[in-house]
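Fold and contact review
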Amino acid sequence: MISRRQFIKYLSYSFIVTKLNPVLADNKKIIKYNIIAKKSKFSFYKNFNANLLLYNNLNPGPQLNANVGDILKIEFTNNLDEPTSIHWHGIKNINKMDGVPYLTQDPIQPGETFSYEFPVNHSGTYWYHAHFESWQQVAKGLYGPLIIKDKIDDNFDDDIVILADDWRLNKNYQIDEKSFGSLRDWSHAGRIGNWFTINGEKSPEYKISKNGLTRLRFINASNARVLKFRSSLNSNKIIAVDGMIVKPFREETFTVGPGQRIDLLVDTVDISKVDYFEISNKNPLKAFSLKVKKANTKNRKFTKINLSPNYNLPKLNKAKTINIHMQGGAMGNLTKAKIDGVEKDFRALAMEDKKLWAFNKEIGNYEKLLSSVKKNDVVILNVWNDTRWPHSMHLHGHHFFVNSKEFTNYNNYLLRDTYLIQPNEKSKLIFLADNPGKWLFHCHMLEHAASGMVNYIKVT
Ligand code: C2O
Ligand code: CU
């Protein structure tokens, strides 16, 4: 028997428990991964073994999967002999989990472990990569895909990540280490490679279901090469850009700048094989192919898929404009710029500091503030690419609207996290600053970022 007092206690306790129940039911599922960065061997060709830096000895790193609403928890160990950090590209993250050394966390030292834990509140195709000296760490293989699924994904029979990279190898099929830091690369297009892979392989073939629907998730993990694809179907149905669902449209070719993603929907009725080519070069490369395998059991659910974006351009009447005049690089018009408050001429910046690019005549770095805005401000990044080079501009912590002219059959705002801005182009990148913290805005041609094309925006 329980006493009255105990009974009341029990009652109130159970009352509390009941009240907590919905909260518990709402509790997010925690998806755990362990990732170790270390020196690894990888064979690009025959028995030549290249020395790479990899996550879990895999090239690319392990595919991380979660469902929208989950919490990702990644126990990360740095077994390299240099510091590192991981950035979750495209995720509207909690600032302290964003992985930018010095700005959002201390560099993770050799032997140290760091636990990244954050909710994933939007679905789509993302990736993660090293953000410490990424111009060499990413070039050596420190990246992997990060896929956040939602209900839409139940419709696809096959879901394939197409992570593309453009490696620079030497004659022995080793990473060409000598050219790291080449001033010529840094002042021109960045480190352009000579060995193209999809998911670490040369022209792989993927089996897909007959009469099925395949989602292809293209990710450009190259340091600098702007990739362009075409398929033997001559028509590619684009269903997402930078993770965000768009109203589907068709393009004969499509471009994926460094850091960007494009998702395609491939309908395999009456198709037995599809080849995809990378055509940024004079000589098109066969990137990969899809081969239809026999069995298919599923019923087509095509008609049920509702691919329409669920976001709207914010109101611009009270928007705050930040002007970003991009200058520098070879054949550019940057004659002098400030570095740490001191003005220097371009030649001295190049030779003494290895700095080549500027926003508003100032050389940037991870800790250089561009501008502060208030939480929930609508912000317009008014970007002018006054250089002779395209730049793949990436904003951390937010997605921005851009009225992009990059496609032939889509002429409206897109929601992106990385935008390839062409030489002389002026563009407005518009976002609602609803995520407090310090967020980098930088070129994803990683050599350009390292030599000055990076700042952060503070949201308070
Ligand atoms: Cu994908 Cu700051 O980077
Ligand atoms: Cu650039």
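Residues numbered from 1 in each chain as written. Chains lettered and ligands numbered in written order. Predicted model: local features only at pLDDT ≥ 70, side-chain atom pairs only at ≥ 80, totals over all residues. Heavy atoms only, no water.

Focus on the overall build of the protein
This is how the line gets drawn: Helix numbering and strand numbering both begin at the N terminus, where a helix is a DSSP run of H or I of at least 4 residues and a strand a DSSP run of E of at least 2. The globule rule used for comparison is 2.2 Å times the number of residues to the exponent 0.38, while the radius of gyration itself is calculated over C-alpha atoms. The cut-offs for exposure are 20% and 50% of the maximum accessible area for each residue type, with area from a 1.4 Å probe on protein chains only; residues under the lower value are buried, those over the upper are exposed, and the others partly exposed. When checking whether two residues touch, look at their non-hydrogen atoms; a contact exists if any pair is within 4.5 Å. Surface accessibility in these figures is a Shrake-Rupley result with a 1.4 Å probe; residues are shielded only by whichever protein chains are displayed.
Helix and strand content of the protein: 5 helices and 33 strands. Compactness check: the protein gives a C-alpha radius of gyration of 23 Å against a globular reference of 23 Å for 460 residues, within 12% of the reference. By principal-axis analysis of the C-alpha atoms, the protein measures approximately 90 × 60 × 50 Å. When the 460 residues of the protein are sorted by exposure, 56% land in the buried category. Of all intrachain contacts in the protein linking residues separated by at least 6 positions in sequence, the fraction that spans at least 24 positions is 75%. For the protein, the exposed area adds up to about 20800 Å²; of that, 50% sits on carbon and sulfur atoms.

Side note on the coordination of the copper ion (ligand 2)
The following threshold applies: The rule for donors is simple: an N, O or S atom within 2.8 Å of the metal counts, and for Na, K and Ca the reach is 3.2 Å. Water is not among the atoms, so a site may look short of donors.
For the copper ion (ligand 2), the protein coordination sphere consists of H391 (ND1), C443 (SG) and H448 (ND1), at 2.0 to 2.1 Å. Mapped onto the polypeptide sequence, the residues donating to the copper ion (ligand 2) form the spacing pattern H-x51-C-x4-H. Of this pair, H391 sits in strand β27 (residues 391-395) while H448 sits in helix α5 (residues 446-450), and the two are 57 residues apart along the sequence. Like H448, H391 is buried.

Some remarks on helix α4 (residues 346-353)
What α4 keeps buried is the set A348, L349 and A350. The elements touched by buried residues of α4 are α3 (183-187), β21 (336-339), β22 (342-345) and β24 (362-363). Among the residues trailing α4, K354 stands out with phi positive, at a value near 55°.

With respect to the environment of N317
Along the chain, the position of N317 falls in the loop between β19 (285-292) and β20 (320-328). Distance in space between the C-alpha atoms of N317 and H89 is 30 Å, their sequence separation being 228 residues.

Topic: the nonpolar core
Stated formally: Residues belong to one nonpolar core when they are buried, are Ala, Val, Leu, Ile, Met, Phe, Trp, Tyr or Cys, and are joined through side-chain atoms within 4.5 Å.
W88, L216, F218, F288 and L290 are the most contacted members of the largest nonpolar core, which has 62 residues in total. The element best represented in this core is β19, accounting for 4 residues. Those residues within four positions of W88 in sequence are excluded, and the remaining contacts are L64, I74, N93, M97, D98, Y116, F118, W127, Y128 and L146. Core analysis: the next-biggest nonpolar cluster, separate from the first, contains 54 residues, V161, M326, Y419 and L429 among them.

A look at the pairing of strand β2 (residues 48-55)
The following threshold applies: Pairing between strands is defined by DSSP: at least two bridges between them are needed.
Judged from the 7 bridges that link them, strand β1 (residues 30-45) and β2 form a sheet pairing that is antiparallel. Its bridge partner lying in β2, K38 is registered against L54. Taken together, β1 and the strand that follows it, β2, pair antiparallel across an intervening segment of 2 residues, in which K46 is found at a positive phi of about 40°.

Some details on the packing of aromatic side chains
Convention followed: Two aromatic rings from Phe, Tyr or Trp, using only the six-membered ring of Trp, form a pair when their centres are within 6.5 Å; if the ring planes differ by under 30 degrees the pair is stacked, by over 60 it is edge-to-face, and anything between is tilted. A positively charged side chain is recorded as over a ring if its NZ (Lys) or CZ (Arg) lies within 6 Å of the ring centre. The angle to the ring normal must also be within 35 degrees.
This structure, assessed with the given rule, holds 28 aromatic pairs. Between the NZ or CZ atom of K354 and the centre of the ring of W186, over which it lies, the distance is 4.1 Å. Positioned above the aromatic ring of W384, the side-chain terminus of K426 is 4.7 Å from the ring centre.

Focus on the pairing of strand β17 (residues 261-267)
Among the 7 residues that make up β17, 6 are buried, leaving the element largely enclosed by the rest of the structure. Looking at chain direction, strand β12 (residues 213-220) and β17 are connected through 7 bridges and run antiparallel. The residue bridging R217 from the neighbouring strand is D263, located in β17. The pairing of strand β14 (residues 236-241) with β17 spans 4 bridges and is antiparallel. Note that in β17 the partner of I238 across the bridge is L264.

A few points about the side chain of S123
What counts is decided by this rule: Whenever a nitrogen or oxygen atom comes within 3.5 Å of another N or O atom, the pair is scored as a polar contact, on the condition that within protein one atom can donate a hydrogen and the other can accept it, and that pairs from neighbouring residues in sequence are kept only if both atoms are in side chains.
Note that S123 resides in the loop between β6 (113-119) and β7 (124-130). A distance of 2.6 Å separates a polar atom in the side chain of S123 from a polar atom in the side chain of D150. Here S123 is in contact with V68, I148, K149, D150 and G243, once residues within four sequence places are set aside.

Some thoughts on the side chain of T77
You can see T77 is positioned in strand β4 (residues 71-78). At 3.1 Å, the side chain of T77 forms a polar contact with the side chain of T113. Sequence-distant contacts of T77, that is, excluding residues within four places in its chain, are made with I35, I36, A37, E112 and T113.

Re unusual backbone geometry
Note that the residue after N59, namely P60, is joined by a cis bond; omega there is -5°. When you line up the elements, P60 lands in the loop between β2 and β3 (64-67). You will see that Y102, though not glycine, has its phi angle at about 75°, which is positive. Looking at the element boundaries, Y102 is found in the loop between β5 (86-89) and β6. Non-glycine residue K354 carries a positive phi angle of around 55°. In this structure, K354 sits in the loop between α4 and β23 (357-359).

What about the confidence of the model for the protein?
Cut-off, in case you're wondering: Per-residue confidence from the prediction method is given by pLDDT, with values spanning 0 to 100.
Averaged over every residue, the pLDDT of the protein is 92; the share at 70 or more is 92%. Ranking the elements of the protein by mean pLDDT puts helix α1 (residues 4-26) last with 38 and β7 first with 99. Counted against residues more than four places away or in other chains, residues 1-25, with its pLDDT under 50, gives 1 contact.

Re the environment of N170
With respect to the secondary-structure elements, N170 resides in the loop between β9 (158-167) and α3. Take N170: its relative accessible area is 30%, and that puts it in the partly exposed class. Put simply, N170 and W195 are 25 residues apart on the chain and 9.7 Å apart in space, counted from C-alpha to C-alpha. The residues contacting N170, other than those within four sequence positions of it, are I175 and D176. Here N172 takes part through its backbone nitrogen, which lies 2.9 Å from a polar atom of the side chain of N170.

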